[in-house]
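Listed here are the chains, written in short residue letters.
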Amino acid sequence: MKTYHIKDLLKKDLLIVELPENGYYEVFKHGILFKDHLESEREFIEGSYTLLGSPDEIKDKDVKDLVGEGFNISTNKKVFNDYKDDCNCFKTAIESFHSALESEIYWENPYGKEPIENLQSSTFGGEKTIIHRNPMNILWNEAESRTFDRNKTLIFIKN
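Computed from a predicted structure; not experimentally measured.

K.L.:
Can you lay out the nonpolar core for me, pointing to particular residues and giving the numbers?
P.N.:
Core analysis: the biggest nonpolar cluster contains 22 residues, and Leu14, Ile16, Leu52, Val63, Phe97, Leu101 and Ile155 have the highest contact counts within it. At the level of elements, β1 (2-6), β2 (14-18), α2 (93-104) and β12 (153-158) are the ones that each hand at least two residues to this core. The element best represented in this core is α2, accounting for 5 residues. If near-sequence neighbours (up to four positions away) are discounted, Leu52 is found in contact with Ile58, Asp62, Val63, Leu66, Phe97, Ile155, Phe156 and Ile157. The next biggest cluster of nonpolar side chains, apart from the first, holds 9 residues, and it includes Val17, Ile32, Phe34 and Ile45.

Dropping the structure here:
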């Protein structure tokens, strides 16, 4: 199971959870218990949370009180923050919400599906082999820790 907390970005904090295959959860007064289908793997996250839904289930009305908003003088209309680009804004709260999510997590690892081979060898003059660590692997690992499968992901709001 993979988790990520989004704090101090939106009006309320979020908990992003990627459930294991056939995983499920139980909400308690003081936290959420996550389990795999065999109940061999369990994780309890403390705090009071409300399920917002999976990324594709969440609607504009569900997030309009979470995202920042402003007013576009040229169009005379309310607009919502773009959390990935300070110079942009959105017409809907759900677009703004998704930009907030995507400013913190990935739906696909930007460095590819597999890590770049960690060790590379070079031979100089046919005699000496030098082993190098690939620095891109560190970036891949960091990105992978924030890459979620959108079909297995649930989003909770901290109360």
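K.L.:
Go over α2 with me, naming the residues and quoting the values.
P.N.:
Look at α2: 17 Å from first C-alpha to last across 12 residues, which is about the 16 Å you get at 1.5 Å a residue. Where α2 is concerned, the buried positions are Ala93, Ile94, Ser96, Phe97, His98, Ser99, Ala100 and Leu101.

K.L.:
Summarise the sheet that holds β12; cite the residues concerned and give the values.
P.N.:
Taken together, the 4 strands give an open sheet; going across it, the order is β1-β2-β12-β6, and neighbouring strands pair in antiparallel fashion. Two strands close off the open sheet at either side, each with one partner strand: β1 and β6 (49-53). Within this sheet the neighbouring strands show an average axis-to-axis angle of 25°, counted without direction. Of the strand pairs in this sheet, β2 and β12 are connected by 5 bridges, and their pairing is antiparallel. Residue pairing for β12: Leu14 is matched across the bridge by Ile157.

The rules behind these values
- Residues numbered from 1 in each chain as written.
- Predicted model: local features only at pLDDT ≥ 70, side-chain atom pairs only at ≥ 80, totals over all residues.
- Heavy atoms only, no water.
- Core = buried A, V, L, I, M, F, W, Y, C linked by side-chain atoms within 4.5 Å.
- Buried < 20%, exposed > 50% of the residue type's maximum accessible area, 1.4 Å probe, protein only.
- Helix = DSSP H or I, 4+ residues; strand = E, 2+ residues; numbered from the N terminus.
- Contact = heavy atoms within 4.5 Å.
- Expected span 1.5 Å × (residues − 1).
- Pairing = 2+ DSSP bridges.
- Axes fitted to C-alpha atoms, helices over the stretch in contact; angles between N-to-C directions.

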